[in-house]
Every structure is written in C-alpha cells, then in structure tokens.
Amino acid sequence: MTTAEHTLPMGGLLATLQSIVGSAHVLTGDDLASYEQDWRQRTRGKALCVVRPCTTGEVARVVTACAQAGVPIVPQGGNTGLVAGSTPDASGTQVVLSLRRMAAVRAVDPDNMTITVEAGCILQEVQAAAEDAGFTFPLSLGAEGSCTIGGNLATNAGGTQVLRYGNTRELCLGLEVVTPQGDLWDGLTGLRKDNTGYDLRNLFIGSEGTLGVITAATLKLFPKPAARLTAWATLPSLENACRLLAMAHQHLAAGLTGFEVMNQCALGLVDKHYPQLRVPLWQQTPWCVLIEISDAESETHARSMLERLLEAAIEEGVVADAILAENMRQAHDLWHIRESITLAQAAEGLNVKHDISIPVSQIPAFVRKADNALAAIAAGVRFVTFGHLGDGNLHYNIQAPAGADNRAFVAEFEAQISAIVYDTVRQFRGSISAEHGIGELKRDTLPQHKSPTALALMRSIKSAIDPHNIMNPGRLLSV
Ligand code: FAD
Ligand code: MLT
Ligand code: ZN
C-alpha cells in the first residue's frame, strides 16, 4: 500500500473544490477548531480545508479531485466519535469532508418498512422522521442530538437498544457509497434478502471512513410499541445484575429492549456535575440498573410484566430496591441520567476509556480481576464502570484518584492501565472495541488482539479498495 502523495499544487485543488461546492463551503484558516478537535480532546489536527458538499454528485467530484491530487480525505459527520477517527492529522494536508449538509430524508416506504436518508442526517432527525411516519427507528445513543447516521454506519454504533434491535449494521438494508476513486456505488436497495456475492454493504459498515464515503442509507423501520416502560433498580453486586438480566430475558422475552448497568462512581460523577438531575438511590448501593420494556399490547400489560419481574427479583434477593417510572417524563429523566455519565466524566477531567465486550456470564469475574490489578498499580484510581450489560459491553473507564491532576495521571498511567485491561479482556476472549471502533486511539493496540491472518485480510481489503490510501489514512489500520 502506498501513502498518498501530492501530485497537484494545493492552490489548484482548493480552486477545484470551490468550483464544485461553492467557495462558501470550502473552509480554510484558523477557525476550524470544531472540525479539527476530537470530542474527547485527545488530539487536535490541522486541516488543509473543510469541504461541505450537499449532493452525492458533489461528494463524488470532491473525492475525484482529491484522489487526482493525491490528497487524503477524512470523512466527518457529527464529530462525536470517541476514538479520534474523524479529525485530520497535524500535517495540514488532509481534507475534512463534512457530510453535514447532506441531511435530506429521501424516501419513506411504509409497506417495506424502510426509510432512505442522507448520511449527514442527525440521528435524532432520523428517529423523528420515522416517528412522523408512524414507526420507530430504534438506534439510540447519548450523542443522538449531534451524531449523524453516516457516522453511526461508519462506526457500526451500538447504544442502548441493541439488545432488542441489534447495532447499526443490523438496522441497515442498503448503502450509497462514493469509492476512493470517486465512483458511485448505488446499493440503496430495501431488500431483506440478496445473496448476490460478497456483501459490500457490510464491508463499508464499520469501516470508519477508510474504504469510501457513505452518502445515503436505506434503514429498517419497526412498528411503534404500544407502550414503553422504564425501571431503575439497585443491586448489591454485578453478579446480581447478571442474574437480573437473565430473569429479565425470561420474564420479558422480546419485550426487553434495554438493560444498562452503572456503578456508584459513575452515578456519583453525574450527581456531582449535574445535581439538578437528582440521581435516585445511588448513595446506598454499589450498582444500579436501568431496564426498559417495549410492549406491543398496552401500558397496563407492560406494567404488570415489569412489576412481576421486579417483585420476583426482590423476593429472590437479587434486587434491593426499585423505582418504576410513572410516566414518559420520569422515564426520560432516568434515561437522561444514564446518558449523562459520559459528559459527567468528561467534566471531571481527562480519563482512560475502554469500550470492551466479553460474554455476559464472565463480566463479574472480569471486573473483579481488572479492578484488583489496576488498584495494585495506581492506588486510589476511580473505576467508572457502566454500559450495556445486556450486550456484554462495558465502558470500563478509569479516572485519576480524586484531587489528582487528570492530565498528568493519564500521561503516566494510560499505557499501563490499558495494557492490563486489554490483557484481561483477552483472557476472557473479549473484544477491545465493542461499539466505538478503532480510530487512531486504538490503531496500534489492534494488532496485538487480531490474528495475523485477520490483519492480513483487512489490509488486503483496504489496499484493493483504496490502493493509494486516500481514505482516512492512519485510522483503524496503520499504513
Ligand atoms: P464522526 O465522529 O464524525 O465520525 C466517526 C467515524 O466515522 C470517523 O472515522 C469518520 O471518518 C467516519 N465517518 C463519519 N461519517 C462518515 C461517512 N458519511 N462516510 C464514511 N465515513 C464516515 N457510540 C456508540 O456506539 N454507542 C453509544 O452509546 C455512544 N454514546 C455516545 C455518547 C456520547 C455523549 C458521545 C459523545 C459519543 C457516543 N458514542 C457512542 C460515540 C459516537 O457518537 C458514535 O461513534 C457515532 O456513531 C459517531 O457519529 P458521528 O456522526 O459523530 O461520526
Ligand atoms: C455510552 O454508552 O454512554 C457511550 O458509549 C459513551 C461512553 O462510552 O462514554
Ligand atoms: Zn456505549
């Protein structure tokens, strides 16, 4: 694989880009911070320019021009990614291709239960369009007010409804993609069955902008449930949380749509930084769980199902205490607490994040082992452990001891901490990235956790599709 080399003068490229998208949509200069800084403030790059096309045709022409000039492209949606994959490097030679102006809902097909949207649609807008059409689009995550469906697809985002509906990959039926050569692949089918060779759609999903630019997608819609109910439960241990999950599967079957776990430290940070959210019961328990049920029948039915589950769990000593949201407002408030953990942790200061998955049955043993190993190397570290227990996906994050200098702590301990965490993940046959992707932050860790054969196949795919390494170089795979 060769690295992109410049073959045209940059001024010529900028003029070409301006002629394609209009000069107002080629941004240059020192005021590009929101495009150059990653969400976690881990890296700050420098773009040659930011280009904001508004049609697929414009994207294709922009990519062609960049490819001809040998200039790398960094696709960007909402820039909410957590692994530093959507911002340029520091060279000042990469073009950030922002999809945000491509935000149209192209079509809704109620009988096929699909919606076709452009890549720059904000996730919340896709959800609203589905709702307006009488359906639900179930992808849901804390960044839904600012992340785009293109970014969700490129990272194969997970979120809080995976348990019932799957991750973004499972919600997508078709894609429209501009290849690294500037060609258009129109794969926007709404087909649920199509065995006509290699699955290109699934190759682009989760490729983090390294194989092409996703410009539109056809997504699955689902019937709106008659009722949704949320409960908040306190538990003495993570073992009990796993036990409760098993009970929830038994009692609620397909009605179980969300099962999130949060430790006391995570909720304590929300309480500290957002006291107005009034986190319930957190001080009296090491763990809280948020359960959501969707019911096709009625609210009364949903309530009786959830009440029966909680009664049984309390009777068996699995759950210590529980709150059942009385209405949508209360349910929303409980979810808002859960979704605020990431922001609260960011407000507390720089931290070491891990987005791991292991079999649900092994999670308590994993946490015990990793907690003990980390406490031994850095006394007083705070374990901010939360996540999508129903998917076996934990955000196992480490914060500096209270009062310590967060930046200095991360600089001194991050490598050692992550090595221990990932080594423990390996012992449990888990993954070092459940839903956030690899980006730049985990790029150099990936080779230690993928077999040489898997890596060689991935490199072959990358060099077959993008032989000149134009698309998001240095992300996911090193060059
Ligand atoms: P960006 O950050 O702009 O880009 C992410 C990657 O996708 C980059 O590699 C970029 O090059 C590529 N990309 C973007 N658009 C395109 C395109 N059109 N074509 C090709 N490549 C493209 N993630 C989860 O999975 N689950 C969660 O629960 C979750 N919660 C979050 C909560 C908060 C508060 C925050 C800040 C983030 C959270 N995330 C979560 C991470 C993030 O929101 C997701 O990764 C999201 O899918 C990124 O979308 P985006 O539009 O912001 O993409
Ligand atoms: C979440 O589940 O809240 C997100 O994936 C974000 C995070 O890991 O902080
Ligand atoms: Zn998550």
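For the structure, check the block above.
What counts and what doesn't
Residues numbered from 1 in each chain as written. Chains lettered and ligands numbered in written order. Predicted model: local features only at pLDDT ≥ 70, side-chain atom pairs only at ≥ 80, totals over all residues. Heavy atoms only, no water. Buried < 20%, exposed > 50% of the residue type's maximum accessible area, 1.4 Å probe, protein only. Helix = DSSP H or I, 4+ residues; strand = E, 2+ residues; numbered from the N terminus. Arc of directions from axis to C-beta. Contact = heavy atoms within 4.5 Å. 1 Å grid on protein atoms, 1.4 Å probe; cavity = no way out; pocket = protein on both sides within 12 Å on 5 of 7 lines; lining within 4 Å. Points joined across faces, edges and corners; volume = space filled by probe spheres on them. Nonpolar A, V, L, I, M, F, W, Y, C, P; charged D, E, K, R; others polar. Pairing = 2+ DSSP bridges. Axes fitted to C-alpha atoms, helices over the stretch in contact; angles between N-to-C directions. Donors = N, O, S within 2.8 Å, 3.2 Å for Na, K, Ca; no water. Near = heavy atom within 4 Å. Polar contact = N/O pair within 3.5 Å; in protein donor to acceptor, adjacent residues only side chain to side chain. Areas by Shrake-Rupley, 256 points an atom, 1.4 Å probe, with all protein chains shown as cover. Parallel < 35°, antiparallel > 145°, perpendicular 65-115°, else oblique. Left-handed = near helix turned anticlockwise from the far one by under 90°.

Novice: Looking at this structure, I do not really get helix α4 (residues 123-132). What am I missing?
Specialist: Turn by turn, an α-helix covers 3.6 residues, leaving residues three or four places apart pointing in a common direction. Among the residues making up α4, those that are buried are Leu123, Val126, Gln127, Ala129 and Ala130. All buried residues of α4 fall inside an arc of 160° around its axis, so they share one side. In this structure, the buried residues of α4 make contact with β5 (105-109), β6 (114-118), β7 (135-136), α5 (149-155) and β10 (213-220). Following α4 by one or two positions, Gly134 adopts a phi angle in the positive range, close to 90°.

Novice: Looking at this structure, how should I read the layout of surface pockets?
Specialist: If you roll a probe as big as a water molecule over the atoms, it shows you where there is empty space left. Of the voids in this model, the second largest pocket is the one considered here, and its volume is about 820 Å³. Around the second largest pocket, the lining is made up of 39 residues, and of these Gly206, Ile438, Lys450, Met458 and Leu476 lie nearest the centre. Listing elements by their share of the lining of the second largest pocket, those giving two or more residues are α7 (200-204), α14 (406-427) and α15 (452-465). When residues of the lining of the second largest pocket are assigned to their parent elements, the largest contribution, three residues, is made by α15. Taken together, the residues of the lining of the second largest pocket break down into 15 nonpolar, 16 polar and eight charged.

Novice: Where do I start with the sheet that holds β5 in this structure?
Specialist: Pairing between the strands of a sheet is mediated by backbone hydrogen bonds and can be parallel or antiparallel. The strand order across the open sheet formed by five strands is β5-β6-β10-β8-β9, and the pairing between neighbours is antiparallel. Each having just a single partner strand, β5 and β9 (184-187) make up the two edges of the open sheet. Looking at each pair of strands side by side, their axes are set apart by 10° on average, direction ignored. Pairing analysis gives four bridges linking strand β8 (residues 172-178) to β9, with the strands arranged antiparallel. Looking at the pairing, Val178 lines up with Leu184 of β9. Here helix α3 (residues 56-69) sits on the sheet in contact with β5, β8, β9 and β10, set at roughly 50° to β8.

Novice: I would appreciate a short explanation of the coordination of the zinc ion (ligand 3) in the present structure.
Specialist: Under perfect tetrahedral coordination by four donors, a metal shows angles of 109.5 degrees; under perfect octahedral coordination by six donors, it shows angles of 90 or 180 degrees. Protein-derived ligands of the zinc ion (ligand 3) are His388 (NE2), His395 (NE2) and Glu435 (OE), with the metal-ligand distances lying across 1.9 to 2.1 Å. Read in sequence order, the donor residues coordinating the zinc ion (ligand 3) give the pattern H-x6-H-x39-E. Owing to a relative accessible area of 3%, His388 belongs among the buried residues under this scheme. With a relative accessible area of 4%, His395 lands in the buried category.

Novice: Which parts of the structure should I look at to understand unusual backbone geometry?
Specialist: Glycine aside, negative phi is the norm for most residues, and most peptide bonds take the trans geometry. Notably, Asn156 is not glycine yet its phi reads approximately 50°, a positive angle. On the secondary structure map, Asn156 appears in the loop between α5 and α6 (162-165). Its identity as a non-glycine residue notwithstanding, Arg278 has a phi of 50°, on the positive side. By secondary structure assignment, the location of Arg278 is in the loop between α9 (264-273) and β14 (287-295).

Novice: I keep staring at the site of ligand 2 and nothing clicks. Help me out?
Specialist: Around ligand 2, the surrounding shell consists of Leu82, Arg338, Thr342, Lys353, Phe386, His388, His395, Glu435 and His436. Residue His388 places a side-chain N or O atom 3.0 Å away from an oxygen atom belonging to ligand 2. In the model, an oxygen atom of ligand 2 is placed 2.7 Å from a nitrogen or oxygen of the His436 side chain. Protein coverage of the free-state accessible area of ligand 2, which is 270 Å², stands at 88%. When grouped by side-chain class, the residues that make up the shell around ligand 2 number two nonpolar, four polar and three charged.

Novice: Where do I start with the site of ligand 1 in this structure?
Specialist: Near ligand 1 you find 36 residues, and of these Pro75, Gly77, Thr80, Gly81 and Thr148 are the closest. A distance of 2.8 Å separates an oxygen atom of ligand 1 from a polar atom in the backbone of Gly81. Between Glu435 and ligand 1, the recorded distance is 3.1 Å, taken from a side-chain N or O atom to a nitrogen atom. About the coverage of ligand 1: the protein hides 97% of its 970 Å² of free accessible area. With five residues, the top contributor of residues to the shell around ligand 1 is α5.

Novice: Just to check I follow, could you spell out the packing of helix α13 (residues 363-377) against α14 for this structure?
Specialist: Put simply, α13 and α14 touch, their axes get as near as 10 Å, and they point 155° apart. Viewed along their axes, α13 and α14 adopt a mutual orientation that is roughly antiparallel. Remark: the crossing between α13 and α14 carries right-handed chirality. Residue-level inspection shows Phe366, Lys369, Ala370, Ala373, Leu374 and Ile377 of α13 in contact with α14, the latter providing Phe413, Gln416, Ile417, Ile420, Val421, Thr424, Val425 and Gln427. Of the residues that constitute the contact of α13 with α14, the class distribution is 10 nonpolar, three polar and one charged.

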